[in-house]
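Examining the three-dimensional arrangement
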Amino acid sequence: MALDQSFVGRTYPPTAPYEVGREKIREFAEAIGDANPAYTDPGAAGRLGHPDVIAPPTFVFAITFKAAGEVVEDPQLGLDYSRVVHGDQRFAYTRPVRAGDRLTVTSTIEAIKSLAGNDILDIRGEVHDEAGEHVVTAWTKLVARAAEEG
Amino acid sequence: MAAKFAYEDVEVGTELPVRTFPVTRAVLVRYAGASGDFNPIHWNERFAREVGLPDVIAHGMFTMAEAARVVTDWVGDPGAVVEYGVRFTKPVVVPDDGEGAVIEVGGKVAARLGGNLVRVDLTAVSAGQKVLGMSRAVVRLA
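Residues numbered from 1 in each chain as written. Chains lettered and ligands numbered in written order. Predicted model: local features only at pLDDT ≥ 70, side-chain atom pairs only at ≥ 80, totals over all residues. Heavy atoms only, no water.

What follows concerns the overall build of chain B. Within chain B, the secondary structure is distributed over 3 helices and 5 strands. When the elements of chain B are put in sequence order from the N terminus, they spell out β-α-α-α-β-β-β-β. With respect to the principal axes defined by its C-alpha atoms, chain B has extents near 55 × 30 × 25 Å. Scored against the burial criterion, the 142 residues of chain B give a buried share of 50%. Across chain B, the fraction of contacts at a sequence separation of at least 24, relative to all contacts at a separation of at least 6, is 68%. (Helix = DSSP H or I, 4+ residues; strand = E, 2+ residues; numbered from the N terminus. Buried < 20%, exposed > 50% of the residue type's maximum accessible area, 1.4 Å probe, protein only. Contact = heavy atoms within 4.5 Å.)

This is the structure we're talking about:
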């Protein structure tokens, strides 16, 4: 069943702050096999002009996707998450995420479309730091595949 | 920012070094833990087949992270990436055969955008199939 169009434009309240830890960044960098010292060595990050170690560009998705869960699991929206695949992902960075950041995410439903029985949901997550400065915006497209007939 | 290259020195068509990234089940389990994405399609073959997939597949975000490395290694400072987006066109299927899968990533400077920004277009292929589409990063050079 097509999702309710009246959800387009809906913004959810900002999430509680997520505190970015050096060791979490290290763990993520190791998991993607990336040995760039900017992720683990504050001195190396400092030589690039960063006040602490920075996170790989896709690290923030863990935070924005968790925030998008509020949308995805909104019972009023009625998305069948068991049929959801990730369609597109895009980020626009004002600055890299870094250790010590306390980040909040504000999620907005940008679009809802129905295409060949698939429900397509575009969610924008605006990420701000503790000072209220913009860090990154994440656009996530989720596709709930049509259920098989019969 | 401390990119390795000056904007003036980088031309449209400049190719970034091609990289290959192996993906095994162990890699996926580790990524699941680090990213917090524990969807069983990324580690449970029975579950993956039940929802119509050929086998366990890699997290799209894992593939996106590997593709980004071609850009961040080239430019030196990962903080120089100002935009990055991909479309997930095909899953990376990761069999439990002791070898897993390989993702091959290439990149090319596609446009000079002014303001020291260049757009890099990436290609990512696994098992002969394009796994990312519209894969683009905008990077600030020195």
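Attention now moves to the packing of aromatic side chains. This model, assessed by the stated rule, comprises 6 aromatic pairs over all chains. With a centroid separation of 5.1 Å and an interplanar angle of 15°, the aromatic rings of Phe61(A) and Phe65(A) are classed as stacked. Taken together, the residues span about one helical turn, with Phe61(A) and Phe65(A) both in helix 3 (residues 61-72) at a distance of 4 residues. Its relative accessible area of 8% is what places Phe61(A) among the buried residues. The structure contains a cluster of three or more aromatic residues connected by ring pairs, namely Phe28(A), Phe59(A), Tyr31(B) and Phe62(B). Positioned above the aromatic ring of Phe7(A), the side-chain terminus of Arg10(A) is 3.9 Å from the ring centre. Its end group placed over the ring of Tyr7(B), Arg112(B) keeps NZ or CZ at 4.1 Å from the ring centre. (Phe/Tyr/Trp six-rings, centres within 6.5 Å; stacked < 30°, edge-to-face > 60°. Lys NZ or Arg CZ within 6 Å of the ring centre and 35° of its normal.)

Moving on, we get to the interface of chain B and chain A. With 29 residues of chain B in contact, the opposing surface of chain A contributes 29 residues. Carbon and sulfur atoms supply 57% of the area buried between chain B and chain A, which totals about 2500 Å² over both sides. Among the residues chain B hides against chain A, the three largest losses belong to Ala34(B), Met61(B) and Pro78(B). Together they make up 21% of the total. The closest approach of N and O atoms between Asp34(A) and Arg69(B), which form a salt bridge, is 3.9 Å. Counting across the interface, chain B meets chain A through 10 residue pairs in polar contact (both at pLDDT 80 or more). (Buried area = accessible area lost by both parts, 1.4 Å probe. Salt bridge = Lys/Arg side-chain N within 4 Å of Asp/Glu carboxyl O. Polar contact = N/O pair within 3.5 Å; in protein donor to acceptor, adjacent residues only side chain to side chain.)

What follows deals with helix 3 (residues 60-75) of chain B. Each full turn of the α-helix corresponds to 3.6 residues, which orients residues three or four apart in the same direction. All names here are of chain B. Helix length check: helix 3, at 16 residues, gives a terminal C-alpha distance of 23 Å against a target of 22 Å (1.5 Å per residue), a fit within 8%. The largest bend along helix 3 reaches roughly 25° and is located at Arg69. Burial analysis of helix 3 places 14 of its 16 residues in the buried class, which makes it a mostly covered element. Two residues or fewer past helix 3, Gly76 is found with a positive phi of approximately 90°. (Expected span 1.5 Å × (residues − 1). Bend = angle between axes of the 7 residues up to and from the residue.)

Moving on to the UniProt feature "domain: FAS1-like dehydratase" (unreviewed entry) in chain A. Taken from the UniProt record, the annotation "domain: FAS1-like dehydratase" (unreviewed entry) applies to residues 6-137 of chain A. Counted over residues 6-137 of chain A, helix gives 21% and strand 31%. Its end C-alpha atoms are 23 Å apart. (UniProt positions renumbered as here; feature names shortened; annotations may be inferred.)

Glancing now at the UniProt feature "domain: MaoC-like" (unreviewed entry) in chain B. Per the UniProt record, "domain: MaoC-like" (unreviewed entry) is found at residues 19-109 of chain B. Regarding residues 19-109 of chain B, the helix share stands at 36% and the strand share at 24%, and the terminal C-alpha atoms are separated by 16 Å.

This paragraph deals with the nonpolar core. Generally speaking, nonpolar side chains in soluble globular proteins are found buried as a group. Counting residues in hydrophobic clusters, the biggest one holds 68 residues, and the most contacted among them are Phe91(A), Val97(A), Tyr84(B), Val120(B), Val139(B) and Leu141(B). If one sorts the elements of this core by residue count, helix 3 of chain B sits on top with 10 residues. Once you skip the residues sitting within four places of it in the chain, Val139(B) turns out to touch Val71(B), Val75(B), Ala80(B), Val81(B), Val82(B), Asn116(B), Leu117(B), Val118(B) and Val120(B). Core analysis: the second largest hydrophobic core is formed by 15 residues, Tyr12(A), Val71(A), Leu77(A) and Ala144(A) among them. (Core = buried A, V, L, I, M, F, W, Y, C linked by side-chain atoms within 4.5 Å.)

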